[in-house]
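Fold and contact review
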Amino acid sequence: MTTMTSDPYAGERLKETHFYEREAELNIRDAWSSWNGYLFADYYYDTEYEYFCIRNQCGTYDICPMQKYEITGRDAETMLDRMVTRDVTRIGLNRVAYTVWCTDQGRIIDDGTIFRLADDRFMLTCGSPCTAWLRKAAFGFRDVTITDLSDDLAALSLQGPTSCAVLKRMGLGGVETMKAFDIRHFPFHDGNLMVSRTGFTGDLGYELWIAPELALTMWDELYAAGEDYGIQPYGEAATNMARLEAGFIMPHMDFTEALKTVHLEHDQTPFELQLGWLVDFKKPHFSGRDALLEHKRRGPVWTLAKLDVEGNWPAEDAIMYNNEKCSHEIGYVTSAMWSPTVKANIALAMIRTESLKGELWAEIYKAKELRQYRRMAKCTLKKKPFWMPERARTTPPADV
Amino acid sequence: MQNHDTIIIGAGHNGLVCATLLAQAGQRVLVLESNSTAGGLAATREFHPGFRAAVAHHANHFSARVAKELGLARHGYTQRSLPPIGLGNDGEHVSVANGELRGASESDARSFQDYERLMQTCATALEPFWQKTIPGIGSRKLRDLATFGHLGLKLRGLGRQDMREFLRIASLPARDLMDEYFESDLVKALLSWDGLIGSRLAPRSPNAAVLAMLYRRSGESADTRSLIAALEAAAADAGVEIRFDTPVAHILVSGDDSGLRAKGVRVSAREEIAADRIISSADPKTTFVDLLGVEHLDIGFTNRIGRLRCNGYVAKLHLALEGLPEFTGLDSPDGRLLIAPEMDAIEFAFDDAKYGRCSDNPVLEVTVPSIADSSLAPDGKHVLSAHVMYVPYAHKGGWTDEARDAIKDRAIASIERYAPRIREQIAGSEFLTPADLEREYRITGGHWHHTEFAMDQMLMMRPTYGAAQYRSPVPGLWLCGAGCHPAGDLTGLAGHNAAREVLR
């Protein structure tokens, strides 16, 4: 008799991240979803609990599944500068910049961050695999090497008001002097721990980048240092709450990646997402510049607007109208929730720009014990992020 | 100080046509040529002491309109036809002259009349469009709509029956079309030839074989050397300045917050030359990737340029002969002699090339240009010039001297079957693979058309959308070479159309 030793579904199973071992112990609800082929916690215990950890103490969020590319060579800077909308030549050494990149038609392929690690060495991070576009972007350059680090670099986000204190206690001397978007390297055991003051929560926070073999050691030391500071892991659901308060956009929710969009104009321009500030027309050329200039000249047809929604019903999936009687549709809500910190019912909605001047009404459905109720809620435009605390930018962060 | 309105990269025939038309319109034009003679692939050059030849050994369909606009007749341009002659295995041959198929069966000769009428009708309907800029899809400019309207009317003007036939046969494999009309394999091969040569197509390949046949029915037949000499003289007459031995290293752009603009070229570490516009007759890959630099272009666009199929499949054989070659059964070798006795011979030669090999039995187009132009060889001696198909640019194992010698010997052996004494007559020889053509003439892949003349790379897709109206995406940089509409061959049309577009 033979025994089956090979797993017939091996290639289909989700991979474990470099922190999985510790996370699995803490994921008491076994609430896993997936991201880029990795097991990925939706939440560990309770979404709201994890959300309050981010806002009141600190939490860790596993960003191993995020795509990470090292771009090196004499032409690396030129290649990236031509690919993205921001001016890469102005990103200082050991600095990070948030940017988008677009198709020739000026529609967003993805957003992400660029780390300048040397004159000729960068790291690009983004939510979805970008290898194909990077290869296209590198075509024609003589000296560019693109290495996909996604599986080979462990990354953990540490966010919340006590995050800096935890890192200090962990022994990262001087971490408090890091400004927002700074990168710093700390010796860690036999290796190097790269820390960037970045995150996706709108709060004080850092992202930690380390070789896989040191990942669990780092986790253990971080959690030991954070014990008195309320450190907890948080999952995708709490991240989504925090990022919405900060006004950050989420792919597949607030925008559709242009290369994956089938329907013409279901994708977006940076101007439609109110990301025009990322588009640097002072650069004589970058991919999509001509089209973006034209989009800017015409003005965005749609605008992703921040809304304060009357009442306390989350406006998830609501259709937007310019009147209470729903006689004229003007858009749709992309993300919505009751914000515990702001104490407001907030939403992002894609609205026809011409309709922003008029009344804004959300048609909200809500189930109570399986029965659907409908309510029209008046909405007010907000110009600034719903929540933008001083502490996210103060250097050094206040002692806690 | 800036002395030039326009710099043209390359003194190939398209560069010369474009330069002359712009100079005639009053522009100060400078042509920069990397080689020491004009003509590009059509330049006549010495390959063996006292023996000269041009890679493009005959201009089968030079545009009559271009010849007229440039006044080439005043500079010695004359038509000279060179009938195609298909050599059979047993000394028989078929040929086309004066609208008749000779040497074929009665039935094929009769079918030829029907075939000829349909092809000529379609060719005549299409001819105006080789001479026009084909507008981009979506353009609402009146002039562009008029071009589309004109095309529609021309096709409609074919009449119901012929229009339907045209649409039916336009993308047929050459073999299917031939099988419908003819019984003799030699006739089929002869008539297919102009649909295939210079392209990555064999008789059974669907795509643009029929369109290539129609394209090659436009224009007039002329001798290469006198054509280039006339073009050079016309350029000089119009005030065009040509600098030889001056390869362009870079196209220079200026950039600020109003965007990019081509402003000149760098020809050496010390010398930059400025102009209002740069027009490149180099192939699209060379122009955009090597000379301009992809960083000045959008990513989707450069990837379409990167994907252009530029690998050539035609090699060139030049033989210096002690006397006039004698072909069995032929009174005089004054014609385009096609050594492709069967449709399968062409197909099988292509099959090898598809996989990076050279055929044991290459198929050839042979001419003896020294019959009409005795200046090409010493007294009483001759030059044989042959296009050898299919010789892949991307040869498996690379192009070593051994590989080149092997295919050269097989090409000569092919000729020997029809001209048994040829080897005794050879005083010298030269064989240029597509890789050699790439190096010597700075043409990516050594491709005749710079990039395949194929359905996906023609009309408003040639070389690709975004650069198909001779304008490049970078203001001030234009294209005028074979990679533009309509395509390669010695027609002058790409250069002509580009000049017209610049002067609008």
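What counts and how
- Residues numbered from 1 in each chain as written.
- Chains lettered and ligands numbered in written order.
- Predicted model: local features only at pLDDT ≥ 70, side-chain atom pairs only at ≥ 80, totals over all residues.
- Helix = DSSP H or I, 4+ residues; strand = E, 2+ residues; numbered from the N terminus.
- Buried ≥ 20, exposed ≤ 12 C-beta atoms within 10 Å, placed from the backbone.
- Contact = placed C-beta atoms within 7 Å.
- Rg over C-alpha atoms; globule rule 2.2 N^0.38 Å.
- Nonpolar A, V, L, I, M, F, W, Y, C, P; charged D, E, K, R; others polar.
- Pairing = 2+ DSSP bridges.
- Axes fitted to C-alpha atoms, helices over the stretch in contact; angles between N-to-C directions.
- Parallel < 35°, antiparallel > 145°, perpendicular 65-115°, else oblique.
- Left-handed = near helix turned anticlockwise from the far one by under 90°.
- Domains from an automatic or database assignment.
- Expected span 1.5 Å × (residues − 1).
- Arc of directions from axis to C-beta.

Some thoughts on the overall build of chain B
Check the secondary structure of chain B and you find 16 helices and 19 strands. Dimensions of chain B, computed from the C-alpha atoms along their principal axes, are close to 70 × 60 × 50 Å. The 504 residues of chain B split such that 54% are buried. Excluding contacts between residues fewer than 6 apart, the proportion of contacts in chain B whose partners are at least 24 apart in sequence is 73%.

Some words on the overall build of chain A
Check the secondary structure of chain A and you find 8 helices and 19 strands. Relative to the globule expectation of 21 Å for 400 residues, the C-alpha radius of gyration of chain A, 22 Å, shows essentially globular dimensions. If you line up chain A on its principal axes, its C-alpha atoms span 65 × 65 × 55 Å. The buried share of chain A, reckoned over its 400 residues, is 46%. For chain A, contacts bridging at least 24 residues in sequence account for 67% of all contacts bridging at least 6.

Remarks on the environment of Thr133 of chain B
All names here are of chain B. Within the secondary structure layout, Thr133 lies in the loop between α3 (106-130) and α4 (142-157). With 21 C-beta atoms counted inside 10 Å, the residue Thr133 sits in the buried group. Once the C-alpha coordinates of Thr133 and His449 are considered, the two residues, 316 residues apart in sequence, prove to be 17 Å apart.

Focus: the interface of chain A and chain B
With 16 residues of chain A in contact, the opposing surface of chain B contributes 16 residues. Of all the elements in the fold, those that place two or more residues in the side of chain A that touches chain B are α3 (76-83) and α4 (131-138) of chain A. Within the side of chain A that touches chain B, the residues separate by chemical class into 6 nonpolar, 6 polar and 4 charged.

Some thoughts on the sheet that holds strand β19 (residues 371-382) of chain A
Residues and elements named next belong to chain A. One closed barrel accounts for 6 strands, arranged β14-β17-β16-β15-β18-β19; its pairing is antiparallel. Averaged over all pairs of adjacent strands, the angle between strand axes in this sheet comes to 40 degrees, irrespective of strand direction. Contacts from helix α7 (residues 236-246) reach β16 (329-339) and β17 (344-352), with the element oriented near 115 degrees to β16.

Thoughts on the packing of helix α5 (residues 163-170) of chain A against helix α6 (residues 215-226) of chain A
Working note: a packed helix pair is described by the angle between its axes plus the distance between those axes. Residues and elements named next belong to chain A. Closest axis-to-axis distance for the α5/α6 pair is 8 Å, and the angle between their directions is 115 degrees. The orientation of α5 relative to α6 falls into the category roughly perpendicular. The handedness of the crossing between α5 and α6 comes out as right-handed. Each of Val166, Arg169 and Met170 in α5 lies in contact with α6, whose residues at this interface are Glu221, Leu222, Ala225 and Gly226.

Quick look at the domain arrangement of chain B
Accessible area lost during the coming together of the parts is what is often quoted as the interface size. In terms of domains, chain B is made up of domain 1 (4-40 + 223-309 + 450-503), domain 2 (99-219) and domain 3 (314-392 + 396-432). Relative placement of domain 1 of chain B and domain 3 of chain B: their C-alpha centres are 32 Å apart.

Topic: the domain arrangement of chain A
One can read the domain layout of chain A as domain 1 (10-66 + 152-246), domain 2 (67-148) and domain 3 (301-400). One C-alpha centre belongs to domain 2 of chain A, the other to domain 3 of chain A; they are set 33 Å apart.

Topic: helix α13 (residues 401-416) of chain B
Residue and element names in this part refer to chain B. Between its first and last C-alpha atoms α13 spans 22 Å; for 16 residues at 1.5 Å apiece the expected length is 22 Å, and the two agree. Among all positions in α13, only Ile407, Lys408, Ala411, Ile412, Ser414 and Ile415 are buried. For α13, the buried positions fall inside an angular range of 150 degrees around the axis, keeping them on one side. Among the exposed residues of α13, those pointing more than 90 degrees away from its buried face are Glu402 and Asp405. The inward-facing, buried residues of α13 contact β14 (314-321), β15 (336-339), β16 (363-367), β17 (382-389), α14 (422-425) and β18 (426-432).

Structural notes on the sheet that holds β17 of chain B
Residues and elements named next belong to chain B. An order of β8-β7-β6-β15-β16-β17-β14-β18 is seen for the 8 strands of this open sheet, with the pairing classed as mixed. Both edges of this open sheet fall to β8 (100-102) and β18, since each of them pairs with a single strand only. Sheet twist, expressed as the average angle between the axes of neighbouring strands with direction ignored, equals 20 degrees. As defined by bridge partners, strand β7 (residues 93-97) adjoins β8 across 3 bridges and the pair is classed as antiparallel. Paired with Ala97 across the two strands is Glu100, which belongs to β8. Along the sheet face, helix α7 (residues 185-196) touches β6 (84-87), β7, β8, β15 and β16 and points at about 140 degrees away from the line of β6.

Focus: unusual backbone geometry
Here the bond from Met389 of chain B into Tyr390 of chain B is cis, since omega is -15 degrees, no more than 30 degrees from zero. Its location among the elements puts Tyr390 of chain B in the loop between β17 and α13. Its identity is not glycine, yet His189 of chain A carries a phi of approximately 50 degrees, on the positive side. Within the secondary structure, His189 of chain A is located in the loop between β10 (183-188) and β11 (191-196). The partly exposed category is assigned to His189 of chain A, around which 13 C-beta atoms lie within 10 Å. Although it is not a glycine, Glu369 of chain A sits at a positive phi angle of roughly 50 degrees. With respect to the helices and strands, Glu369 of chain A occurs in the loop between β18 (360-368) and β19.

With respect to the pairing of strand β14 (residues 302-309) of chain A
All names here are of chain A. Taking burial as the measure, the 8 residues of β14 include 6 buried ones, the bulk of the element. Here β14 runs beside β17; their pairing, made up of 7 bridges, is antiparallel. Pairing of Lys306 across the sheet is with Leu348, part of β17. Taken together, the 4 bridges between β14 and β19 define a ladder with antiparallel strand orientation.

Here we look at the pairing of strand β2 (residues 38-41) of chain A
Note: strand β1 (residues 32-35) of chain A against β2 of chain A, 4 bridges, orientation antiparallel. Directly across from Ser34 of chain A, in β2 of chain A, lies its bridge partner Leu39 of chain A.

Some thoughts on helix α2 (residues 47-56) of chain A
Listed in full, the buried residues belonging to α2 of chain A are Glu50, Tyr51, Phe52, Cys53, Ile54 and Arg55 of chain A. Taken together, the buried residues of α2 of chain A touch β3 (58-62), β9 (154-159), β13 (231-233) and α7 of chain A.

A closer look at the packing of helix α1 (residues 13-24) of chain B against helix α16 (residues 493-503) of chain B
Residue and element names in this part refer to chain B. Where α1 meets α16, the axes come as close as 7 Å, and the angle between the chain directions of the two elements is 30 degrees. Judged by the angle between their axes, α1 and α16 are roughly parallel. The interaxial crossing formed by α1 with α16 has right-handed handedness. Within the contact between the two elements, α1 uses Asn14, Gly15, Val17, Cys18, Leu21 and Leu22 and α16 uses Ala494, Gly495, His496, Ala498, Ala499 and Val502. In terms of residue class, the contact of α1 with α16 is built from 8 nonpolar, 4 polar and no charged.

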